[in-house]
Amino acid sequence: MTARRALAAAIVLVIGAAGLMFLGLEPLFSLSAGALAGVFVLLLALRHAPVRVDDGPRRERASFERGSEVARLAWGFNMRTGVAGIALTRRTRAILARRLAAAGIDADDPAHVARIDAVMGEGVWQRIDAVRAQRADLERALDTTERLTRPQERS
């Protein structure tokens, strides 16, 4: 919250309380009504405030770490059916979109569907976008995009 928003709320509180006292309302009631008006102004200001949503901390993968990102997110799978939960699918799609963007592919652009299919395999991105994404599709997509964004090793 910025100081300007807090100042605007304080001004509304003072003007509202003074105006209500001028109209003949008891001082305590006018102060409480002014406070309510100030809170209302703050809430309106917060409603239109920009929100930055981050996908979580990014860290480099150490050489000793084993397992895929899917294995570390295994809590989101239904072990009986192999279907990923909605939270896991969204998180995986965010990771994939970030990796594809690093390779110059826009995951939200319909014109790039052929390039996405070339990287991940035919129809994998569409199956991940489905409500019931399968574990094999998520693993394949993460593995192929990880190879895509990994710096090429020199021999």
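In this text, all values refer to a predicted model and were calculated from it rather than measured experimentally. (Residues numbered from 1 in each chain as written. Predicted model: local features only at pLDDT ≥ 70, side-chain atom pairs only at ≥ 80, totals over all residues. Heavy atoms only, no water.)

On to the overall build of the chain, then. Helix and strand counts for the chain stand at seven helices and two strands. Ordering the α and β elements of the chain from the N terminus gives α-α-α-β-β-α-α-α-α. Here the chain, with 155 residues, has 29% of them falling under the buried criterion. Partitioning the intrachain contacts of the chain with sequence separation of at least 6 by distance along the chain shows that 53% fall at a separation of at least 24. Accessible surface, the chain as shown: approximately 11,100 Å² in total, 60% of it carbon and sulfur. (Helix = DSSP H or I, 4+ residues; strand = E, 2+ residues; numbered from the N terminus. Buried < 20%, exposed > 50% of the residue type's maximum accessible area, 1.4 Å probe, protein only. Contact = heavy atoms within 4.5 Å. Areas by Shrake-Rupley, 256 points an atom, 1.4 Å probe, with all protein chains shown as cover.)

Take the environment of methionine 21 next. Relative to the elements of secondary structure, methionine 21 occurs in helix α1 (residues 3-22). Exposure remark for methionine 21: the relative accessible area of 44% places this residue in the partly exposed category. With near-sequence residues (within four places) excluded, methionine 21 lies in contact with Pro27 and Ser30.

A few words on helix α4 (residues 86-102). Taking 1.5 Å as the rise per residue, α4 with 17 residues should run 24 Å; its terminal C-alpha atoms sit 24 Å apart, in good agreement. Looking only at α4, the buried set comprises Leu88, Thr89, Thr92, Arg93, Ile95, Leu96, Arg99 and Leu100. Take α4 and look down its axis: the buried residues cluster within an arc of 165°, on one side only. Facing away from the buried surface of α4 by more than 90 degrees, the exposed residues are Ile86, Arg90, Ala101 and Ala102. Glycine 104 sits one or two residues past α4 and shows a positive phi near 85°. (Expected span 1.5 Å × (residues − 1). Arc of directions from axis to C-beta.)

How two helices sit against one another is set out by the angle between their axes and by the gap between those axes. Closest axis-to-axis distance for the α1/helix α2 (residues 27-47) pair is 7 Å, and the angle between their directions is 150°. By the angle between their axes, α1 is roughly antiparallel relative to α2. For the element pair α1 and α2, the recorded crossing hand is right-handed. On α2, the residues touching Arg5, Ala6, Ala8, Ala9, Val12, Leu13, Gly16, Ala17, Leu20 and Met21 of α1 are Pro27, Ser30, Leu31, Ala33, Gly34, Ala35, Ala37, Gly38, Val41, Leu42 and Ala45. (Axes fitted to C-alpha atoms, helices over the stretch in contact; angles between N-to-C directions. Parallel < 35°, antiparallel > 145°, perpendicular 65-115°, else oblique. Left-handed = near helix turned anticlockwise from the far one by under 90°.)

Now for the nonpolar core. One broad rule of soluble globular proteins: the nonpolar side chains tend to lie buried together. Within the largest apolar cluster, 17 residues are counted, with the highest numbers of intra-cluster contacts made by Leu96, Leu100, Ile116, Met120, Trp125 and Leu138. Elements with a contribution of two residues or more to this core: α4, α5 (113-120), α6 (124-129) and α7 (135-149). With four residues, α4 is the single largest residue contributor to this core. Apart from residues no more than four positions distant in its own chain, leucine 96 is found in contact with Met120, Trp125, Ile128, Ala141, Leu142 and Thr145. (Core = buried A, V, L, I, M, F, W, Y, C linked by side-chain atoms within 4.5 Å.)

Attention now moves to the confidence of the model for the chain. Looking at the chain, pLDDT values average 77 and 77% of them are 70 or higher. Per-residue pLDDT, averaged within each element of the chain, yields its smallest value for helix α3 (residues 69-72) (59) and its largest for α1 (86). (pLDDT = per-residue confidence, 0-100.)

This part is about α5. Those residues of α5 not exposed but buried are Ile116, Asp117 and Met120. Take α5 and look down its axis: the buried residues cluster within an arc of 100°, on one side only. In α5, the exposed positions angled more than 90 degrees off the buried face are occupied by Ala114 and Ala118. Phi turns positive, to about 120°, at glycine 121, one or two residues after α5.

What follows is about a nonpolar patch on the surface. On the surface, a cluster of nonpolar side chains totalling about 300 Å² of accessible area is made up of Leu7, Ile11 and Ile15. Inspection of the secondary structure puts isoleucine 15 in helix α1. (Patch = residues over 30% accessible without salt bridge, like charges linked within 9 Å, V, L, I, M, F, W, Y side chains within 5 Å. Salt bridge = Lys/Arg side-chain N within 4 Å of Asp/Glu carboxyl O.)

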